[in-house]
Amino acid sequence: MEELVIEFHLNERSGLSPYQQLVQQVRHALRLGLLNEGDRLPTVKEVAGQLAINPNTVLKAYRELEYEGLVAARPGVGTFVTRTLADATLAEHARLRGDLRRWLAEARRTGLDDESIEALFMTTFRTTAGEDVA
């Protein structure tokens, strides 16, 4: 049996529709080097069954990814990654991930729950991103 290279999940609090979440998860996996050219995405039927969503939702996500040139559907075979989004910064990801893990552990030690950690991170991220633009 072929090992899946990505396992999708849905977050009802994300503010994104299920199809947008699937697209975003594939983009993130491509950017982080978790998916590479030639990797097969799970079938529409597999994803719909795993997430208990309409197959058309998965199909819509895969079509958007295909339109963006990131994947290609091969009828009867599957949907395959055709382009990666990883760049030269990929080598730094392991170090940064370690720093982030330490930060998360510290946040939990101070008593923050997951929702509070997410709110703190996203607020800080958006504020910093806004400062970088100005």
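Provided above is the structure to which this section pertains.
Everything quoted here is computed from the prediction, not taken from an experiment. (Residues numbered from 1 in each chain as written. Predicted model: local features only at pLDDT ≥ 70, side-chain atom pairs only at ≥ 80, totals over all residues. Heavy atoms only, no water.)

Enquirer: Can you break down the packing of helix H1 (residues 18-31) against helix H3 (residues 55-67) residue by residue, with the values?
Expert: For any two helices packed against each other, one specifies the crossing angle of their axes together with the interaxial distance. Running from N to C, H1 and H3 point in directions that differ by 45 degrees, and their axes come no closer than 8 Å. When the axes of H1 and H3 are compared, the pair comes out oblique. Seen along the crossing, H1 lies across H3 with a hand that is right-handed. Of the residues in H3, those touching H1 at Pro18, Tyr19, Leu22, Val23, Val26 and Arg27 are Thr57, Val58, Lys60, Ala61, Glu64 and Leu65. By residue class, the composition of the contact of H1 with H3 is eight nonpolar, one polar and three charged. (Axes fitted to C-alpha atoms, helices over the stretch in contact; angles between N-to-C directions. Helix = DSSP H or I, 4+ residues; strand = E, 2+ residues; numbered from the N terminus. Parallel < 35°, antiparallel > 145°, perpendicular 65-115°, else oblique. Left-handed = near helix turned anticlockwise from the far one by under 90°. Contact = heavy atoms within 4.5 Å. Nonpolar A, V, L, I, M, F, W, Y, C, P; charged D, E, K, R; others polar.)

Enquirer: Can you lay out the sheet that holds strand S1 (residues 40-41) for me, pointing to particular residues and giving the numbers?
Expert: Taking strand neighbours across the sheet as the criterion, the three strands line up as S1-S3-S2 in an open arrangement whose pairing is antiparallel. Each edge of the open sheet carries a strand with a single partner, namely S1 and strand S2 (71-74). Across four bridges, the pairing between S2 and strand S3 (residues 78-81) is antiparallel. Bridge pairing in S3 places Arg74 opposite Gly78. Sheet strands in contact with H3 are S1, S2 and S3, and its direction is about 120 degrees off that of S2. (Pairing = 2+ DSSP bridges.)

Enquirer: Requested: an account of the pairing of S3, with residues and values cited.
Expert: With burial as the criterion, each face of S3 is covered, one bearing Gly78 and Phe80 and the other bearing Thr79 and Val81. In terms of strand pairing, S1 meets S3 through two bridges, oriented antiparallel. Paired with Arg40 across the bridge in S3 is Phe80. Between the end of S2 and the start of S3, which pair antiparallel, lie three residues, with Gly76 showing a positive phi angle near 80 degrees. (Buried < 20%, exposed > 50% of the residue type's maximum accessible area, 1.4 Å probe, protein only.)

Enquirer: Could you give me a rundown of the side chain of Gln21, with the residues and numbers involved?
Expert: The residue Gln21 is located in helix H1 in this model. Here the side chain of Gln21 touches Asn11 through a polar contact of 2.7 Å, landing on its backbone nitrogen. A distance of 3.2 Å separates a polar atom in the side chain of Gln21 from a polar atom in the side chain of Ser14. Excluding residues within four positions of it along the chain, Gln21 makes contact with His9, Leu10, Asn11, Ser14 and Leu16. (Polar contact = N/O pair within 3.5 Å; in protein donor to acceptor, adjacent residues only side chain to side chain.)

Everything listed here is a matter of geometry and, on its own, says nothing about what the molecule does.
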